[in-house]
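Close look at the chain arrangement
Next come the chains, spelled out residue by residue.
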Amino acid sequence: MIEMQDVNKWYGSYHALVDIRETVAAGEVVVVCGPSGSGKSTLIRTLNRLEPIQGGRILVDGQDIHAAGTDVNAFRSRIGFVFQQFNL
């Protein structure tokens, strides 16, 4: 369902996501947890194309979501996530 292949994200010289590799099967429930600054929010934002990646690929149902020509609005209409703060 979701596959991350060597995903990398930088903010200037800060390497926020380093060669992330993960596969999440359809129906699988995943929790992303870790200390502040470990890249949790950045990872989630790249999965919804709210942040660009500088390396690797993210596939959803076999489609590279960061590929040129991807209809971002159509893609996002199928994705949801829960914010950390209830009022967001």
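Residues numbered from 1 in each chain as written. Predicted model: local features only at pLDDT ≥ 70, side-chain atom pairs only at ≥ 80, totals over all residues. Heavy atoms only, no water.

**A few points about the environment of His66**
By the element assignment, His66 lies in the loop between strand S4 (63-64) and helix H2 (72-76). For the pair formed by His66 and Leu47, sequence separation is 19 residues and the distance between their alpha carbons is 9.2 Å. When residues no more than four places from it in sequence are discounted, the contact partners of His66 are Thr46, Arg49, Glu51, Pro52, Ile53 and Ile58. One polar contact links the side chain of His66 to the main-chain carbonyl oxygen of Thr46, over a distance of 3.0 Å. (Helix = DSSP H or I, 4+ residues; strand = E, 2+ residues; numbered from the N terminus. Contact = heavy atoms within 4.5 Å. Polar contact = N/O pair within 3.5 Å; in protein donor to acceptor, adjacent residues only side chain to side chain.)

**Here's the deal with the packing of aromatic side chains**
A full pass over the atoms with the stated rule returns zero aromatic pairs. The ring of Tyr11 has Lys9 lying over it, and the distance from NZ or CZ to the ring centre is 4.8 Å. (Phe/Tyr/Trp six-rings, centres within 6.5 Å; stacked < 30°, edge-to-face > 60°. Lys NZ or Arg CZ within 6 Å of the ring centre and 35° of its normal.)

**Quick word on the pattern of salt bridges**
For side chains bearing opposite charge, pairing can occur when the charged atoms are close. Counted by the stated rule, this structure contains four salt bridges. Residue Lys9 is joined to Glu51 by a salt bridge in which the shortest nitrogen-to-oxygen separation is 3.3 Å. Remark: Glu51 occurs in the loop between helix H1 (40-47) and strand S3 (55-60) and Lys9 occurs in strand S1 (residues 2-11); sequence separation between them is 42 residues. Among the residues examined, Glu51 registers a relative accessible area of 16% and is labelled buried. Ionic pairing is found between Arg78 and Asp61, a salt bridge with its closest N-O pair at 2.8 Å. (Salt bridge = Lys/Arg side-chain N within 4 Å of Asp/Glu carboxyl O. Buried < 20%, exposed > 50% of the residue type's maximum accessible area, 1.4 Å probe, protein only.)

**Some points on the sheet that holds strand S2 (residues 14-24)**
Strand order in the open sheet made by the four strands is S2-S1-S3-S4, with antiparallel pairing throughout. Two strands in the sheet have a free side with no partner beyond their single neighbour: S2 and S4. Strand direction decides the pairing type here: S3 and S4, joined by two bridges, are antiparallel. What sits directly across from Leu59, in S4, is Asp64. (Pairing = 2+ DSSP bridges.)

**A few points about the pairing of S1**
One ladder, built from seven bridges, connects S1 with S2; its direction is antiparallel. Along S2, the bridge assignment pairs Met4 with Glu22. Here S1 runs beside S3; their pairing, made up of five bridges, is antiparallel. Opposite Glu3, over in S3, you have Leu59 as the bridge partner.

Treat this as a map of the structure, not an account of what it does.
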